[in-house]
Amino acid sequence: VVTRDDVEESLKGLWQYVKDKEQLLKDLHSQIEETERRFLLKQAERDYWLEYKNVGSKIQANKIMNLEKDIKQVKDDHHRATEYYRNALKATKEENDRLIETHMKLCKEQAPENAMRYLDKNSHREIKENEWLKEEVKVYQKEVSDLKASIQLLEEENISLVAKLIDSRLQNLSI
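Residue positions within a chain follow its written sequence, with the count starting from 1. Totals for whole chains, interfaces and linings use all residues, but because this is a predicted model, local features are given only for residues with pLDDT of at least 70 and pairs of side-chain atoms are given and counted only at 80 or more. The basis for every side-chain value is the complete set of heavy atoms in the structure, and neither hydrogens nor water enter the calculation.

(A) Quick look at the overall build of the protein chain. The helix and strand inventory of the protein chain stands at three helices and zero strands. Note on conventions: DSSP H or I runs of at least 4 residues are helices, E runs of at least 2 residues are strands, and numbering of each starts at the N terminus. When the helices and strands of the protein chain are placed in sequence order, the string is α-α-α. Its C-alpha atoms give the protein chain principal-axis dimensions of roughly 140 × 60 × 15 Å. Going through the 175 residues of the protein chain one by one, you find that 13% of them count as buried. Any two residues whose heavy atoms approach within 4.5 Å at even a single point are treated as in contact. Look at the contacts in the protein chain between residues 6 or more apart in sequence, and 71% of them connect residues 24 or more apart. Buried residues are those whose accessible area, probed at 1.4 Å on protein chains only, stays under 20% of the maximum for their type, while exposed residues exceed 50% and partly exposed ones sit between those limits.

And the structure:
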């Protein structure tokens, strides 16, 4: 038997879990923004070095290529992080939905029990009498079906006896 306190405690735990996940999402968003900021800085640095390269510096060409690789790596990291966080968000939402659905099923299962506890004695007695009457109806329906079957058998036996009687009278008349 699950008490109201247990259900409230479960709900508090669930809401705390949801809050923790929301905080995690906020942290993830801030990390994404930080990554985008770094990306913009690297891109600005790349633009600077490309301009420098166009002026004619062959010494700095390697730096430019390295920075381009860094930019590409940051873009890839950003893409992977975005995908990871998107998947984490989706998994978190699915987990939350599953937990809420499980909790709702539990509440629905406990609702009749809770309702029975708060009913007055007359209503409680009426429910028990109703259940008893349902059982009695089933017993009587079974007896009725048994009686119908025995009546059917007796009628068939009666018909065969009448048919034999008629056949024997016909034979007596023929004689």
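(B) Structural view of the domain arrangement of the protein chain. An automatic or database domain assignment supplies the residue ranges for each domain. Taken domain by domain, the protein chain consists of domain 1 (1-92) and domain 2 (119-174). On a C-alpha basis, the centres of domain 1 and domain 2 stand 78 Å from each other.

(C) View of a nonpolar patch on the surface. Taken together, the side chains of Val162, Ile166, Leu170 and Leu173 define a hydrophobic patch exposed on the protein surface, amounting to about 410 Å² of accessible area. Positionally, Ile166 belongs in helix H3 (residues 121-174). With relative accessibility at 47%, the residue Ile166 sits in the partly exposed group. Put simply, a patch holds well-exposed residues, over 30% relative accessible area, that have no salt bridge, with like charges counted together within 9 Å and Val, Leu, Ile, Met, Phe, Trp or Tyr side chains within 5 Å. Methods summary: accessible areas were calculated by the Shrake-Rupley approach with a probe of 1.4 Å, and residue burial reflects only the protein chains presented. Any Lys or Arg side-chain nitrogen found within 4 Å of a carboxyl oxygen on Asp or Glu counts as a salt bridge.

(D) Main features of the confidence of the model for the protein chain. On average, residues of the protein chain score 89 in pLDDT, and 95% of them are at 70 or above. Confidence of the predictor at the level of single residues is given by pLDDT, which spans 0 to 100. Confidence scores differ between elements of the protein chain, with helix H2 (residues 61-117) showing the lowest mean pLDDT of 89 and H3 the highest of 92.

(E) Summary view of the side chain of Thr35. With respect to the helices and strands, the residue Thr35 is situated in helix H1 (residues 4-55). Apart from the residues lying within four places of it in its own chain, the contact partners of Thr35 are Val74 and His78.

(F) Representation of the packing of aromatic side chains within the structure. Pairing of aromatic side chains here covers Phe, Tyr and the six-membered ring of Trp, requires ring centres within 6.5 Å, and sorts the geometry by plane angle: under 30 degrees stacked, over 60 edge-to-face, intermediate tilted. All chains considered together, the criterion is met by one aromatic pair. Where Tyr84 meets Tyr85, the ring centres are 5.3 Å apart and the plane angle is 70°; that geometry is what we call edge-to-face. When its relative accessible area of 55% is taken as the criterion, Tyr84 is described as exposed.

(G) Focus on the pattern of salt bridges. Under the counting rule described, the total for this entry stands at 11 salt bridges. Across the pair Glu8 and Arg4 runs a salt bridge, and its minimum N-O distance is 3.2 Å. With Glu8 and Arg4 both in helix H1, this residue pair falls four residues apart, about one helical turn. For Arg4, a relative accessible area of 63% gives the class exposed. Notably, a salt bridge pairs Arg37 with Glu34, separated by 2.3 Å at the nearest N-O pair. Taken together, the positions of Arg37 and Glu34, both in helix H1 and three residues apart, correspond to about one turn of that helix. Given a relative accessible area of 42%, Arg37 falls into the partly exposed group.

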